[in-house]
Amino acid sequence: MHALKETSNIILFVEIALGLLILIASAACYRALIRHIRRNEEELYRFTKTTFTILISFICAFMVSYSLVLFSVIFDQHFNFNSLFGPILFFGSVYVLATAYFNIGLFKKLLASNVELKKQALHDYMTGLPNRRFLIRKINQALAKKRKDPKNCFAIAFIDILNFKRVNDSFGHIVGDEVLIQTSKRIASAVRKFDTVGRLGGDDFVILIENVTPRETIWFMKRIREKLIQPYSIEGIEFKLDVSYGICTDKHEKQSGNDQPADLINKANMAMRCSKKHGKNHFSVFVESMFNKAQDVLKFENDFKHGLLNNEFHLVFQPQYKLHPELSVSGFEALVRWNHPERGLISPAEFIPIAEETGLILKLDRYVLDNACRIWSEWLRKNPLCSEQHISVNISASHVTDSSFVRLVKATTTRYGLPGDSLVIELTESAIVADPNSASQKLNALQDLNIKCAIDDFGTGYSSLAYLTRFPTDILKIDRSFIDGIESSTSAKQIVKSVIDLAHGMNMIAIAEGVELYSQLKILEELKCDIVQGFFLARPLSEEDAFAVSKETKTKIPSQ
């Protein structure tokens, strides 16, 4: 080891020792890196495992060569260093080549992953169609072309599948996904290659149709409609879908001059919603009045929310009267009124349909149910006669598909200590028929809570006897449209008689709405109708006046 005393050998020893330490650190880094990739990116690990193994092997070969040099220096062994440095230099050049190959392969993989990520960011994962971001980019390009050359006309179509939710609920999401895939293919096959078909999400599709006149746009929409009305066959299941279409042409961009792509998509969506009101498989073209109406609906929605928070809504109560053995109070129907701070008293005929359309009807129904139960529980404590009466609450069709509805009713009656048999829940006939399975579950659950159920507006919907036998209902309410002509039309009288007999035959109570004349009251009495309500006997009353009526043991027939 006396060779280390020579200055030249000490320098060589230090250089080689440092190189060896660097190689050991490099091997450790590569080993840690490959373990990290294996834990987090399995696909990338499979791609780079061999390359990493080769690199570590070269590093180990360097370490062995440098160790031999150190051994010869320390123990004064006389090796031919030229023969040893030759392989080291060879291994070094191969190592550089292998490192370059590894880096090139890794960067190619990263670039491919980046391309895939960009594709996923701009395309729908299920159908492969462009998504909202890509559509907005394409519409921006179409707008730029239009502004450069007014002849570059375009149109945007919005497509919505009306009964897609029913497909999902009935057949499962696998069939629903296949429906979306087939729909995307059908739409794509009906347009040209340079047109853009995109999916916004759910069952909503948007099409950018370029270089078309308004008349050609209608032709394209008819072609798409022909494709989509064809039956779907998936896993042996065959069914048809109903679709609504909305169209926004570029002339609306020209009118405002500063529309954004999202604004044009929204206008096409407004036209689609208008199509829904006209029935199935219709299409409408956007006009400015739709936008004005949408703004009115938005303002109404804001006013409505503020109204609920600021207690602008209140309840009135219309008495219902038993006809036999004598005229007496049977119960009350709770009705909601809106006292707007600027517009005054707004008719329910005006705000209920818009509340239904915007989905705010659910909040309104909860408000009515809660306050009706609260008030009725107070009446029960103050007036023993109320225990023989009932309170009726109308519930929107939206609650039929609301999974929390029964829990809401149970929690409300429990909160106020209300006996279940003193509450009547009224559902329209059309609401029950629209989703019979869900309606049946809800009505059975309410019956388990001892809560009575009524079918409101009976005779104006499907009037299927099969539904009546299937649903556990206690009351049939005959619509006022039949009562209006009962004294002058024999057929109207016969229809009312048939409904009353039907109710009695099924152990149900018959209630006639809209009784406004003494003659109508007498005819209903002759037909053995159980309960009546209407302006002839009493208009909707305030809480104080209605409570006073609930104390009456006998009711006098008003003067004619």
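Residues numbered from 1 in each chain as written. Predicted model: local features only at pLDDT ≥ 70, side-chain atom pairs only at ≥ 80, totals over all residues. Heavy atoms only, no water.

**Notes on the overall build of the protein**
What counts is decided by this rule: Helix and strand definitions follow DSSP, with helices as H or I runs of at least four residues and strands as E runs of at least two, each counted in order from the N terminus. Buried, partly exposed and exposed residues are distinguished by accessible area as a fraction of the type maximum, computed with a 1.4 Å probe on protein chains only: under 20%, between the cut-offs, and over 50%, respectively. Residue contacts are counted whenever heavy atoms from the two residues lie within 4.5 Å of one another.
Along its length, the protein carries 20 helices and 16 strands. The buried share among the 560 residues of the protein stands at 44%. The contacts of the protein with a sequence gap of at least 6 include a subset with a gap of at least 24, amounting to 68%.

**Side note on the sheet that holds strand β6 (residues 243-249)**
The criterion, for reference: Any two strands with at least two DSSP-identified bridges between them are counted as paired. Working convention: axes come from line fits to C-alpha atoms, limited for helices to the stretch in contact. Angles between N-to-C directions cover 0 to 180 degrees.
Here we have 5 strands laid out as an open sheet, ordered β2-β3-β1-β6-β7, and mixed in their pairing. In this open sheet, the two edge strands, each paired with only one partner strand, are β2 (196-201) and β7 (283-285). In this sheet, adjacent strand axes meet at a mean angle of 20° when their direction is disregarded. Across 7 bridges, the pairing between strand β1 (residues 154-161) and strand β3 (residues 204-210) is antiparallel. From the neighbouring strand, I156 faces β3, where its bridge partner is L208. Contacts from helix α7 (residues 214-228) reach β1, β3, β6 and β7, with the element oriented near 160° to β6.

**Topic: the pattern of salt bridges**
Defined as follows: By definition, a salt bridge exists where a carboxyl oxygen of Asp or Glu is found within 4 Å of a side-chain nitrogen of Lys or Arg.
This model, assessed by the stated rule, comprises 15 salt bridges. The partner of K276 in a salt bridge is D160, and the shortest N-O contact between them spans 3.3 Å. Residue K276 is located in helix α9 (residues 261-277), and its partner D160 is located in strand β1; the two are separated by 116 residues in the primary sequence. Of the residues examined, K276 reaches a relative accessible area of 40% and is grouped as partly exposed. Here D242 ties to K280 by a salt bridge, and the two come within 3.6 Å at their closest N and O atoms. Here D242, found in the loop between β5 (237-239) and β6, pairs with K280, found in the loop between α9 and β7; they are 38 residues apart in sequence, far enough to count as distant. Via salt bridges that share partners, E333, E426, K477 and E513 belong to a single interconnected network.

**Thoughts on the layout of surface pockets**
Under the convention used in this document: For each structure, a 1 Å grid was placed over the protein atoms alone; sets of points admitting a 1.4 Å probe that cannot get out are labelled cavities, open sets with protein on both sides within 12 Å along at least five of seven lines are labelled pockets, and lining residues have an atom within 4 Å of a point. Grid points are joined across faces, edges and corners, and a volume is the space filled by probe spheres set on the points. Residue classes follow a fixed rule: Ala, Val, Leu, Ile, Met, Phe, Trp, Tyr, Cys and Pro count as nonpolar, while Asp, Glu, Lys and Arg count as charged, and any other residue, Gly among them, counts as polar.
Here the second largest pocket is characterised by a volume of approximately 840 Å³. What lines the second largest pocket is a set of 34 residues, and nearest its centre among them are E333, L335, I352, N394 and D456. Of all the secondary-structure elements, those providing two or more residues to the lining of the second largest pocket are β9 (328-340), α11 (348-358), α12 (361-382), β12 (423-428) and β13 (452-458). For the lining of the second largest pocket, the per-class residue count stands at 15 nonpolar, 8 polar and 11 charged.

**Things to note about the pairing of strand β14 (residues 475-478)**
Alternating residues of β14 divide into I475 and K477 and L476 and I478, and every residue in both groups is buried. Sheet topology note: the β13/β14 ladder contains 3 bridges and is parallel. Opposite F458, over in β14, you have I478 as the bridge partner.

**Describing the environment of K382**
One can find K382 in helix α12. Residue class for K382 comes out exposed when judged on its relative accessible area of 60%. Considering only alpha carbons, one finds K382 and K551, 169 residues apart in sequence, at a separation of 9.9 Å.

**Regarding the packing of aromatic side chains**
Under the convention used in this document: Stacked, tilted and edge-to-face pairs are distinguished by plane angle, under 30 degrees for stacked and over 60 for edge-to-face with tilted covering the rest, among Phe, Tyr and Trp rings (Trp via its six-membered ring) whose centres lie within 6.5 Å.
If you walk through the whole model with that rule in mind, you get 17 aromatic pairs. Each ring, one from F332 and one from W379, has its centre 5.5 Å from the other, and the planes form 80°; the classification is edge-to-face. Linking F332 in strand β9 with W379 in helix α12, this pair joins segments that are 47 residues apart in sequence. For the pair shown, F332 and W379 are each scored as buried. A connected cluster of aromatic rings, assembled from ring pairs, spans F300, F304, F313, W338, F351 and Y367.

**Thoughts on the environment of S330**
In this structure, S330 sits in strand β9. The spatial distance from the C-alpha of S330 to the C-alpha of I391 is 9.2 Å, given a sequence separation of 61 residues. Setting aside its immediate chain neighbours within four residues, S330 contacts Q320, Y321, K322, E388, Q389, H390 and I531.

**Some points on the side chain of Q533**
Put simply, the rule reads: Distance and chemistry together define a polar contact, namely a pair of N or O atoms within 3.5 Å, with one atom able to donate a hydrogen and the other to accept it when in protein, and with adjacent residues in sequence counting only for side-chain atoms on both sides.
Within the element layout of this structure, Q533 appears in the loop between β16 (531-532) and α20 (543-550). For Q533, a relative accessible area of 2% puts it in the buried group. Of note is the side chain of Q533, whose polar atom sits 3.0 Å from the side chain of Q318. Here Q533 is in contact with Q318, P319, Q320, E333, K477, I511, A512, E513, G514 and V515, once residues within four sequence places are set aside.

**Description of the packing of helix α5 (residues 164-171) against helix α6 (residues 173-190)**
Closest axis-to-axis distance for the α5/α6 pair is 7 Å, and the angle between their directions is 145°. Only H173, V175, G176, V179 and L180 of α6 make contact with α5, whose side of the interface consists of F164, V167, N168 and F171. For the contact of α5 with α6, the class distribution of residues is 6 nonpolar, 3 polar and no charged.

**Some thoughts on unusual backbone geometry**
Apart from glycine, the bulk of residues carry a negative phi angle, and the bulk of peptide bonds sit in the trans form. Cis geometry marks the peptide bond from H324 to P325, where omega comes out at 0°. Its location among the elements puts P325 in the loop between β8 (313-322) and β9. Notably, N211 is not glycine yet its phi reads approximately 55°, a positive angle. Position of N211 among the secondary structure elements: in the loop between β3 and α7. The residue N450 is not glycine, and still its phi comes out positive at about 70°. With respect to the secondary-structure elements, N450 resides in the loop between α15 (436-448) and β13.

**Topic: a nonpolar patch on the surface**
Inclusion rule: Exposure above 30% relative accessible area and the lack of any salt bridge qualify a residue for a patch; like charges then connect within 9 Å, and the nonpolar side chains Val, Leu, Ile, Met, Phe, Trp and Tyr within 5 Å. Note on areas: Shrake-Rupley, 1.4 Å probe, and residue coverage restricted to the protein chains presented here.
Taken together, the side chains of L18, L21 and I24 make up a nonpolar region of the molecular surface, amounting to roughly 290 Å² of accessible area. When you line up the elements, I24 lands in helix α1 (residues 7-40). Since its relative accessible area comes to 42%, I24 is described here as partly exposed.

**Digging into the nonpolar core**
This is how it is decided: Definition used in this section: a nonpolar core is a set of buried Ala, Val, Leu, Ile, Met, Phe, Trp, Tyr and Cys residues joined via side-chain atoms within 4.5 Å.
Membership of the largest hydrophobic core comes to 75 residues, with the highest contact counts inside it found for F304, L423, L524 and V532. Looking at which element gives the most residues to this core, the answer is α12, with 10 residues. In this view, L423 contacts L369, C373, I391, V393, V409, T413, L418, I451 and K452; residues no more than four positions away in its chain are not counted.

**Some thoughts on the confidence of the model for the protein**
Basically, it comes down to this: On a scale of 0 to 100, pLDDT captures the predictor's confidence in every residue.
Within the protein, residue pLDDT values average 81, and 79% of them lie at 70 or more. pLDDT under 50 marks residues 1-5. Its contacts with residues more than four places away, or in other chains, come to 9 contacts.

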